[in-house]
Structure formats: C-alpha cells, structure tokens
Amino acid sequence: MRHIRAPFTALYRPDSLSIHHQFNFSTIQGQLNQSSEHKIHSHLLKLCLRQCQRIKIRHPFDETPQRLAQASRTSKTIHAQTLIFGFGSKGQLGNAIVDLYSKCGNAEFSLKAFNQLEKQDILAWNSVLSMYSRQGAVKQVIRCFGSLQNCGVPPNQFTYAIVLSSCARLVDIDLGKQVHCGVIKMGFEFYSFCEGSLIDMYSKCGSLVDSRKIFDAVEYPDTVSWTAMIAGYVQVGLPEEALKVFEDMQKLDLFPDQVAFVTVITACVGLGRLDDACDLFAQMPNPNVVAWNVMISGHAKRGCNIEAIIFFQNMWRTGVKSTRSTLGSVLSAIASLAALDYGLLVHAQAIKQGLNSNVFVGSSLISMYAKCEKMEAAKKVFDALDERNLVLWNTMLGGYAQNGYGSQVMKVFTEMRSCGFQPDEFSYTSILSACACLECLQMGRQLHSFIIKHNFECNLFVENALVDMYAKCGALEEARQQFESIRNKDNVSWNAIIVGYVQEENEDEAFIMFRRMSLDGITPDEVSLASILSACSNLLALEQGEQVHCFLVKSGLQKSLYAGSSLIDMYVKCGSIEAARNVFSCMPNRSVVSMNALIAGYVQHDFNEAIDLFHEMQNGGLNPSEITFASLLDACNGPVKLNLGRQIHCLILKRGLLSGDDLLGVSLLVMYMNSQRKTDADILFSEFQYPKSTILWTATISAHTQNGCSEEALQFFQEMRRNDAIPDQATFASVLKACSTLASLADGRVIHSLIFHIGFDSDELTCSALVDMYAKCGEIKSSVQVFEEMGSKTDVISWNSMIVGFAKNGYAENALKIFNEMKQTQIRPDDVTFLGVLTACSHAGRVSEGREIFDIMVNTYKIAPRVDHYACMIDLLGRWGFLKEAEEFIDKLKFEPDAMIWATLLGACRIHGDDIKARRVAEKLIELEPENSSSYVLLSNIYAASGNWDEVNSVRRTMREKGLRKFPGCSWIVVGQKTNLFVAGDKFHPSSGEIHAVLKDMISLMKKDGFVAETDSMLLDGD
C-alpha cells in the first residue's frame, strides 16, 4: 500500500499539552460524568488517530531518531491518559494505541498495550505484524501470524499482504504457497492487496510463471499489481519484459505511480538505456528521492559522471532532500572525475543535513578525497566520525594505498587492529598494495604467512593482491608460484602476472602468459591488452602491436580512453606516427594521457605539430600535465629552440607546477644545458628548494657530464655529498662517466670506495659503470676485477662494458672471449655489443670473423646497423688491406654515406698509401664538410708519406685560402688535486720554462740513443 506523505512541517504539534491544559487529573477525575467521559474518550481517540496518520508508513530512513523518539513520547502521554481514565484497553482506542506504538517502532510498549487489550482483533494483530515487517523482523512476522491463527482470529486481506511480503523477503516459496492457499480459502485472491502481494512474492521467489499466471488472471489489475509484475521481471534479470509490461500498462491509460516509475526506470538503467530512463523520469510529476537516487546512481555506474552531478544539482534545486544513498552516489561520480570543487560542495551539503556523521556518507567522502589526492582532508573526515566500521577502515586503507602512501597504510592497519577490528579480504588487498608500493618484500612475505594463518589464502581478492605484490617487488618466481596456485583465475589474476613480467622487462614471458590467458578462455580486458602493448613498445615489435590492435577492434575497445592511449603510445615508440594519429582521430573522447602520448611522438618527428596539439589540448579544456611540459622541453634541446623553452618555463611557473616536482625540474635543467646555457641551468638549480632531492642532483651531474662539463659535474657531486644527499645508481653512473671523460682515475677510485661504503657494490648498473670507467682510464686490470666480482650479470650493459673496454684498449682476443661467454649465458646482445666486437675484430685483424659477426647481427638478431657499425666494418676491411671490398661495401649502402664513413676509408687509404683512392675519398669528405680541417690534414699526410710534396703544398695553400687551421692536440695530467692541460705550441702554462727545459734534455738524450722522429706524415704549420 502506498500513501501520500504528509508535509514534514505539520508533524508532531504538542497536542498532548492541550489535554494537560484541559484537565487536572488529580482533582477532577472523580467528578466526571458519563457525558464527559465519552467526550474525553473521543478526544483521545482522535488525537491517537491523528498521530497515526501523521507518521503513516513513513520510511525509517526518512525519520531521524529524534523525531521518532518525540513521536514515541507523545504516544506514551496519550496512553497514560487513557489508562488514568480506565479505557486504555477497550475497543477502537486500544487498537489505536497499539497501532501508534507500532508506527513509532516501539516494540516493547506496543506488545504491552497489545497484551492488555480486552479483545485482540485483527486490526491490532495487523498493527503488530506491520511493526515487525517495517523493522525487518520477517521471521517474527511469520511466528506472529501463526499465533494469530492459533487464537482463531480470521486474517483479512491486509494480514495476508503483510505475511506474503515476509515470505517474499525470506524467499520461502513453500511457505508462500501455504499462505496463498489461505488467501484462496478466505476468498481474498481477487482483492487488490492480495493480488499485488502474491505477484510480488512469486516474483521475488523466482517463480515468474506463477507470478504471471496470477497477473493475467486479474480482470482489472491496479497500479500495485502492474508495478509488482514490472518489478518481478526486473528482479529476475528480464528488464526488456519489464518494459513491455510497462508499455501495456500505459496503453490502458493507467498512470504509473512513483513506485512503478522508479521500477521501470531501474529496468532502463540496468539495460544501459539512459535516454529512455531520462524520458520516463521527465514524465514523473513530482519525483521522490528514490527516483532521483536511481537516476544519479544509474548514470554514475555507467560512467556518465557529469550527468550524475547535474541530476544531483537539479534535485537540490527542486527542494528534495538528499539521503545517504544520494550523497554516496554523487560522491562516487565526483571521485571518478576527481572534481574536488564539486566534492567540497557536497561535503558542505552533508554537514548541513547532518549526514556527515553517517558511516556510509563518511566512507564516500573519504573515497572522494582519496581519488582527488587529498588524503589530509580524508583523514579529517575519518577522525571526525564517532562510529567506525570495517568498511570505513578499509576505505581509509585503500585511499592511502591508491595514493602511494605505503607507510601510512601500515600505520592505519596497525591502528585498526589495535581497535579490535579483524582485517577482511579488502584490508589485506590494501596492505599488500602498500607492500608493493614500498617494494617491501620481506613485510609482504610476513603478511602472506599471516593471511595463511587466518584462512584467507584461498580468497581470490587476496590471491590476486599477493601476485601483484610479489611481481611489483621483483620476486617474479614467487609471483608465478602464487599465480599457479590460484584455482579460479580471473582477469585480475592474469593481469597481475602479465603486468609484472612487462615491468621487469621479461616481455617474452609476458607474451606466453597472454597466449595462455586466451587459451584458458579468459577474454583479455583493457589492462592486459595495454600491458601487452607496452611489451610491444619495449621491444619495438610493431607487427605484434598491430595484431593486438586488431584484437582491440574485434573487442570494440579500440576507442576507449585506456586502450586507445596505449595504442598511441605503442605506435609512437615503434616510429609509426601516422598510425598513432589515426588512432587518436578515431577516439570519441580525448584525455590528457592520450594527448601526451601523441605529443611525445610528434616531439621527435614534427615539433610544430606537437605545439599545435598542445594548443588543441588547452582549447579542449584539458589541463596539460607535468608529462606534457616535460615532453615539450625534451624537444627544446638546442639554442634554436631556447626561446620556446623559456616560454614553457614561464608557463610552468605560472601554473605552479615546478614546486616539489622533480620531473619538470630535471627537464628544465637538461633543456638549458643542451642549449649551452650553463649559467641559466646553474641558477635554476640554485633556486630549487632545500634540501634538493637525489634526482635533481643526479640530473645536474648528468647534464654537465653529457655537455662536456665533466669537471663541474665532479664539483656538483662533491657539493651533493657536503649536503648529505645520498647518491643512487644513476648518480654513480653519471659521475663515473665524468671520471671516464676526464680519464681521472684518482677520482674514480675515490667514488669506487664510496660505492662500496654505501652498499652499491652489488648493484649491476653501478658495477657496469665502474667497469667502463676503469677501462676508459686505461686501468684494464681493475676493470676486469670489478667485472669478475659482479654477483649478477643479467643485463647486457654489464657485458658490453667489458667487451668495449677490452676492444678500446687493444685486447681484442679478450673482447671476443667475453663475447663468447656472454652468448653461453643466454644474454641477448644488442647493437652496442656488436659495435664492441667488430672493433675488436678490426684491431685483431680478424676479417673473416668480423664479416661473420656482422652477418649474425643483421640476419640472426635482426639488429639494424647504425652508421658506426658500417664505419667499423669499413675500418676492418680497409685497415687490413681489403680496400676494394671496403669501397664496394660503401657502394652497396642503401643511404648516402656520411663523413664518418668516408673518413674511415680515407684513414685506411693512408695506412696503405693509396693516393688515388685517397684523393677521390677526400674530395667526397671535403664536399660533405668543407670547413673541417681534419680531412685536409689527413690527405696532406697521405701525400707527404708518398713524397708528393707538390700536392702537400697544394693542400696547405687551399687551407690557408679557406682560413682553416689544424686543431692542436692536447694532453693532461693530474698532479695532486689539479689537472694540468698541455696543448701543442702552448707557452702559457705557469711552469712553461721548466717544462721546456726538461723536454730539451729529453730530446737530447733521445738523439744520443739514435732516435729519429717520423716527419713524412706531418703537416707543418707555415705561419
């Protein structure tokens, strides 16, 4: 039964006070005559019925505890007065008292009043049954109904409606059928209340056939019956049938009530037919809060979060008060959008309505603030709640976990357990996520033991979280073992292990697991497909990426934001920028992530297009992120684009993005250094907040090293140590490179000691940098020692450092030996490996082996040769006399040879004194680099070696005419803490006199020993 609610403002006037004003019970009770007694009885009955009417079937959630308590006090006052006058348990007034207590939810007093009745008729029984039904005590309804029958009181249609409703809630069809028999026996089967209740009972018990039989047998179904039938189809998952019934109802010109509208709107929402739901909602004359809630939650669940917020705003404007369900749904939509401004408004609304202390609303507020990355605000909401349940604790744990606050997750988890709450599967997933975030493998293992102890090891949520934790901590063997132990793997299980392999750059195993996933009948979702696309990107495997693209098209996922962005990223990294643009053009919605991926691609290929995309992003209402600006700054890597880089710098400052963001700080430092604006870079670095992070220190050390400022890089490293910043692997790699560039063995040894002291001597990347540093400083013995003492050599970089080190120092046989050892360890060589091996072959004269290795690189490992690989092959052939083959090798190149290629061949011509080839090659080289003096010098030396002094003079004359000079050679030596640089012909050294005196003595001694300097390949300076 449904009734129109009375206006809230009309409730609970203190009518009982009027009775106190009219009667003084202590003085006039004995003076009442029969007429007065009748008037008082009538007055009390009217008051009682009026109170009953005012709170008639109001939903418990609509009543605050204070209002129900007030209604209960009014009931007790009226009851007390009826007892004083001696007619509290008689007739209609007695029934009204029972009904009033029942509607107030006061079971104790309702039963007391019921038991005191002189005659417990069906009206009183119905009041008690209704009370139990409203309180959800459905089993008590059934017991009470049994007592009613035992007392011989005949039920009426309302009794059966209440009992059938309880059968439906119990999903007890057998009991429902017994009650149905009673309905038929009493002749109530065609009463509307019983018809609707029977349809509802059979529907909720899943017997839709019986439900439909009853419905079809009704000659003139009322709105209740129609609604029950519609709801039945919705409940069993047949929303289409529900809509057909609703259409039949409308054809009969029956106007649906609020419940019917809400039911059919729910069906539309379930089918995803939000437009139809909106049309139906618009037909409702005065939508109640339930209808608004269905529209808000329906749009939020379907991802239409903006529409959900708009519905909430319209609801608020129409004056309909929010419930906890309303706020929960709209806060969910706000959280999905991370729309903090709207979240703050809803929070204020919750406070205004007094719902902020509700656990459900509090949980939604915490979740919203967490998604908006405002964990301080979430913590304030949590702390303000007096009542806390496990859901609330889990929401707090999840919020910290999502935002990467691993240590806070641990703290809240400990506090939760100290408050007596036992963790459930959701608690464990959050704490495991924290272990993954902190890469705290040991704690994760301890927690795994705790999970087994408390019998959660077979819970799928926990099992998946364990796989994820082990994978993100780098323990892939344990992750795989945990994965294989899961009996009923779902998408999350497969995603966790695939993502783990991709993150650890084990792409081959990721592909194997992806294929297994499909063979096991699990349809890949966006997460697994995005991970596999990332694997394709890492391997530059365009063909596999295109196959995944086809799968996305078949699955209808290619236009989704997540998968679309991953596709764009894959095509960009594989160099197929046009394909990336096509994917982007087909996406109905664009996100900052998808635009960032495309901008990163165009930055490398078409910078102007990247800038246009940046403007398009802003015009489309998307806020560029730190990654957007970092990508653009990476392209401003030269003096030509310096002004644009400065403009971007200003925009970053204007948006307040630089404060506390290392990514943009690093990008700006690199941009200024690559633009030869060292002073600007140093000023920027000095402006960063103290203490500066290790990342920033490493960035400035690396930038100075890469831009030829290795001495300053070492100075920055020393300053970093004075500021108590702890170097990491990247720092050591950068500063060791500076030592290599300066050939500063002493500094390298000091840094090696620091590496050992800090504990990075077991780190493979750091040890590889040490191997490289010692080799480039000529200390090959120390280089070999570090290499041999390395505990792990799983990275190709480690092997490359040793191979190249041997090759550059002339130990060709050792380089080839290390290469063979590397192949036996199943480490896949890369382009740098082959460059080192080919260099070794060139130095050792292993021509046939060099040819074979080059062929293996191209045809077996499918590595595309770079220019320096070709130059190395030409050097190998030319150095050992195969000049014709070297020349033919150049002629077969599929690109125009550059200066490096021709310079290499020219050097070979010099070694073998081939003037004719040398002249032709030199002409090519001079044509490519007319301002480079080295080509002229090399050609002149070739002529000098063959005694062709006319051509030597001709070359010298050409150089003078063009104003070209040979760059003097230089050398340096470190004495104490000072590096002494020597340049040929330099007389400005502070100790120049002493140095020349020593040189004079040394030359004299050399002449006495018969040494004669080689002068046939020297270009003498005639100036």
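Residues numbered from 1 in each chain as written. Predicted model: local features only at pLDDT ≥ 70, side-chain atom pairs only at ≥ 80, totals over all residues. Heavy atoms only, no water.

1. Things to note about the packing of aromatic side chains
In plain terms, the rule: The rule is short: rings of Phe, Tyr and Trp, with Trp giving its six-membered ring, pair when the centres are within 6.5 Å, and they are stacked under 30 degrees, edge-to-face over 60, tilted in between. Here a strand is any run of E in DSSP of at least two residues, a helix any run of H or I of at least four, and the numbering for each starts at the N terminus. Burial classes: relative accessible area under 20% of the type maximum marks a residue as buried, over 50% as exposed, and values in between as partly exposed (1.4 Å probe, protein chains only).
Throughout the structure, instances matching the rule amount to 28 aromatic pairs. Taking 6.0 Å as the distance between ring centres and 65° as the angle between the ring planes, the aromatic pair formed by F145 and Y160 counts as edge-to-face. With F145 in helix α8 (residues 138–150) and Y160 in helix α9 (residues 157–170), this pair connects stretches of sequence that are 15 residues apart. Each member of the pair, F145 together with Y160, is buried.

2. Notes on the pattern of salt bridges
Opposite charge on two side chains makes pairing possible when the charged atoms of those side chains draw close. As a reminder of what qualifies: Whenever a carboxyl oxygen of Asp or Glu lies within 4 Å of a side-chain nitrogen of Lys or Arg, that contact is scored as a salt bridge.
Scanning the model with the defined rule gives 24 salt bridges in all. Where D200 meets K204, a salt bridge forms, and the shortest distance between an N and an O atom there is 3.5 Å. You can see D200 and its partner K204 sitting in helix α11 (residues 192–204), four residues apart, about one turn around the helix. The class of D200 is buried, set by a relative accessible area of 16%. Under the relative-accessibility criterion, K204 is labelled partly exposed at 35%. Beyond isolated ion pairs, a larger network of salt bridges with shared partners links R480, E484, E509 and R516.

3. Things to note about the state of the cysteines
The criterion, for reference: Note on disulfides: each one is a pair of cysteine sulfur atoms within 2.5 Å.
The tally for this structure, following the rule as stated, stands at zero disulfides. C151 provides the cysteine sulfur closest to C144, a residue in no disulfide bond, and the two sulfurs are 9.1 Å apart. Overall, C144 belongs to the buried group, its relative accessible area being 9%. Free of any disulfide, C574 has its nearest neighbouring cysteine sulfur in C536, separated by 7.1 Å.

4. Thoughts on the environment of W494
Relative to the helices and strands, W494 is located in helix α29 (residues 491–503). For W494, a relative accessible area of 1% puts it in the buried group. In the structure, W494 is positioned 64 residues away from S430 in sequence and 19 Å away in space, judged by C-alpha atoms.

5. Regarding the side chain of S166
Quick reminder of the rule: Should any heavy atoms of two residues lie within 4.5 Å, those residues are considered in contact.
Along the polypeptide, S166 turns up in helix α9. Given a relative accessible area of 0%, S166 falls into the buried group. In this structure S166 touches V138, V141 and I142, once residues within four positions along its chain are discounted.

6. Structural notes on the nonpolar core
Spelled out, the test is: Only buried residues count toward a nonpolar core, which is a set of Ala, Val, Leu, Ile, Met, Phe, Trp, Tyr and Cys residues joined through side-chain atoms within 4.5 Å.
Among the nonpolar cores identified, the biggest contains 297 residues, and I265, M469, I568, L632, I652, I751 and L905 are the most heavily contacted of them. With residues near it in sequence (within four places) discarded, M469 still touches L432, C435, A436, L441, G444 and R445.

7. Notes on the packing of helix α13 (residues 223–235) against helix α15 (residues 258–270)
What counts here: Inter-axis angles, ranging from 0 to 180 degrees, are taken between N-to-C directions of lines fitted to C-alpha atoms, where helices are fitted over the stretch in contact. If an angle is under 35 degrees, it is roughly parallel; if it is over 145, roughly antiparallel; if it lies from 65 to 115, roughly perpendicular; otherwise it is oblique. Each crossing is labelled by how the near helix is turned from the far one, with a counterclockwise turn of less than a right angle marking it left-handed and a clockwise turn marking it right-handed. Throughout this entry, Asp, Glu, Lys and Arg are counted as charged residues, while Ala, Val, Leu, Ile, Met, Phe, Trp, Tyr, Cys and Pro are counted as nonpolar. The remaining residues, Gly among them, count as polar.
Closest axis-to-axis distance for the α13/α15 pair is 9 Å, and the angle between their directions is 20°. Taken together, the axis directions place α13 and α15 in an arrangement best described as roughly parallel. Both α13 and α15 take part in a crossing whose hand is left-handed. Residues T227, I230, A231 and V234 of α13 pack against V259, A260, T263, V264, T266 and A267 of α15. Class assignment for the residues of the contact of α13 with α15 results in seven nonpolar, three polar and no charged.

8. Here we look at the layout of surface pockets
The criterion, for reference: Points on a 1 Å grid over protein atoms alone make up a cavity when a 1.4 Å probe fits among them but cannot get out, and a pocket when they form an open set with protein on both sides within 12 Å along at least five of seven lines; lining residues each have an atom within 4 Å of a point. Grid points are joined across faces, edges and corners, and a volume is the space filled by probe spheres set on the points.
Volume-wise, the second largest pocket comes out at about 1400 Å³. What lines the second largest pocket is a set of 28 residues, and nearest its centre among them are E505, E507, L539, V796 and R828. Of all elements in the fold, only α30 (507–519), α31 (526–539), α45 (764–776) and α47 (796–808) reach the threshold of two or more residues within the lining of the second largest pocket. Among the residues forming the lining of the second largest pocket, the class breakdown is 10 nonpolar, eight polar and 10 charged.

9. Comments concerning empty space enclosed by the protein
One way to see where empty space is left: roll a probe the size of a water molecule over the atoms. Going through the model one piece at a time under the given rule, you end up with one cavity of 30 Å³ or more. Within this model, the largest cavity holds a volume of roughly 30 Å³. Across the lining of the largest cavity, the residue classes break down as two nonpolar, three polar and three charged.

10. Some thoughts on α45
Quick reminder of the rule: Multiplying 1.5 Å by the helix residue count minus one yields the expected span of that helix. Counted as a polar contact is a pair of N or O atoms within 3.5 Å, where, for protein atoms, one must be capable of donating a hydrogen and the other of accepting one, and residues adjacent in sequence contribute only when both atoms are in side chains.
The terminal C-alpha atoms of α45, which comprises 13 residues, lie 18 Å apart, in line with the 18 Å expected from a rise of 1.5 Å per residue. Across the 13 residues that make up α45, a large majority, 11, are buried. For α45, every residue scored as buried is listed here: E764, T766, C767, S768, A769, L770, V771, D772, M773, Y774 and A775. At its buried positions, α45 is contacted by α43 (729–742), α44 (745–758), α46 (780–789) and α47. For α45, the N-terminal cap is D763; the gap from its side-chain oxygen to the backbone nitrogen of L765 is 3.3 Å.

11. A look at a negative patch on the surface
Rules: Each patch is assembled from residues with relative accessible area greater than 30% and no salt bridge, linking like charges that lie within 9 Å and nonpolar side chains (Val, Leu, Ile, Met, Phe, Trp, Tyr) that lie within 5 Å. All accessibility values rest on the Shrake-Rupley procedure with a 1.4 Å probe; residue burial counts only the protein chains present in the view. For the purpose of counting charges, residues Lys and Arg are taken to be positive, whereas Asp and Glu are taken to be negative. His and the chain ends are not included. Positions of charges follow a simple convention, taking NZ of Lys, CZ of Arg, CG of Asp or CD of Glu.
A cluster of like negative charges, contributed by E439, E504, E505 and D795, occupies part of the molecular surface. Judged by relative accessible area, which is 33%, D795 ranks as partly exposed.

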